[in-house]
Amino acid sequence: MQMIQETADLSAYLAADEVIDHHHPLVRETAAGLAAGVANSYEYARAAFEFVRDTIPHSQDSGDLRVTWRASDVLEQGTGICYAKAHALAALLRAEDIPTALCYQKFEVLHGLVAVRFNGAWHRQDPRGNKPGVDAQFSLDGERLAFVTDLEFNELDYPVLYAAPHPVVLDVLKAAPDRPHLWRTLPTAL
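This write-up is about the structure you can find in this document. (Residues numbered from 1 in each chain as written. Predicted model: local features only at pLDDT ≥ 70, side-chain atom pairs only at ≥ 80, totals over all residues. Heavy atoms only, no water.)

### A closer look at the overall build of the protein chain
Scanning the protein chain from N- to C-terminus turns up seven helices and six strands. For the protein chain, the succession of helices and strands along the chain, N to C, is β-α-α-α-α-α-β-β-β-β-β-α-α. Relative to its length of 190 residues, the protein chain is compact, with a C-alpha radius of gyration of 15 Å against a globular reference of 16 Å. By principal-axis analysis of the C-alpha atoms, the protein chain measures approximately 40 × 35 × 35 Å. (Helix = DSSP H or I, 4+ residues; strand = E, 2+ residues; numbered from the N terminus. Rg over C-alpha atoms; globule rule 2.2 N^0.38 Å.)

Set out below in structure tokens:
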């Protein structure tokens, strides 16, 4: 799939905002801890991916009713759905100057993931969290995502790489008082 940057300005994929708040002390502290144990940015990206994938449960899988959307809140509360986990991973990667985009897939509802830029190319990564039937892995040598789209079922991969969360996604997250409400209002398309 040909991925399309929302903006040609690569610095937009390093920016902090209210969602990807990589300037927050908890994000900085977490990033520093992960960076201390690795030799280069590729190893850091893998460590950050595995940290978010493995230590922050997907709230649907764990039964957690809380809704998080800001990266620092995901790290503090230790929970989030795919979008929130993607926000946390983007913040951790941007904290170490790794260009990171947000991207989406369409199934029955939208699914959120990230793309990282290494060696002049974008590589999609899915920190959703593994469970039986889901085995997402960090890879720059071919995608190892949680889910593969099937055009026969009108599923698709959106090609746009966003510098900030898509407003459709962010509005739903911010409006949800709890995960059951969020589940009823998840967006089905961009």
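Moving on from the coordinates now.
### Some details on the environment of threonine 185
Within the secondary structure, threonine 185 is located in helix 7 (residues 179-185). In this structure threonine 185 comes out as partly exposed when scored by relative accessible area, which is 32%. Spatially, the C-alpha atom of threonine 185 lies 28 Å from that of phenylalanine 51, the residues being 134 residues apart in sequence. Within the local environment of threonine 185, its side chain forms a polar contact with the backbone oxygen of histidine 181, the two atoms lying 3.1 Å apart. (Buried < 20%, exposed > 50% of the residue type's maximum accessible area, 1.4 Å probe, protein only. Polar contact = N/O pair within 3.5 Å; in protein donor to acceptor, adjacent residues only side chain to side chain.)

### Some thoughts on the pattern of salt bridges
With the rule as written, the count across this model stands at 10 salt bridges. For the salt bridge of arginine 70 with glutamate 18, the shortest nitrogen-to-oxygen distance reads 3.9 Å. One end of the pair, arginine 70, is in the loop between helix 3 (59-62) and helix 4 (71-77); the other, glutamate 18, is in the loop between strand 1 (4-5) and helix 1 (25-36), and 52 residues separate them in sequence. Given a relative accessible area of 24%, arginine 70 falls into the partly exposed group. Here aspartate 64 and arginine 66 are joined by a salt bridge, their closest N and O atoms 2.6 Å apart. For aspartate 64, a relative accessible area of 16% gives the class buried. One salt-bridge network, held together by shared partners, links Glu18, Arg70, Asp73 and Lys174. (Salt bridge = Lys/Arg side-chain N within 4 Å of Asp/Glu carboxyl O.)

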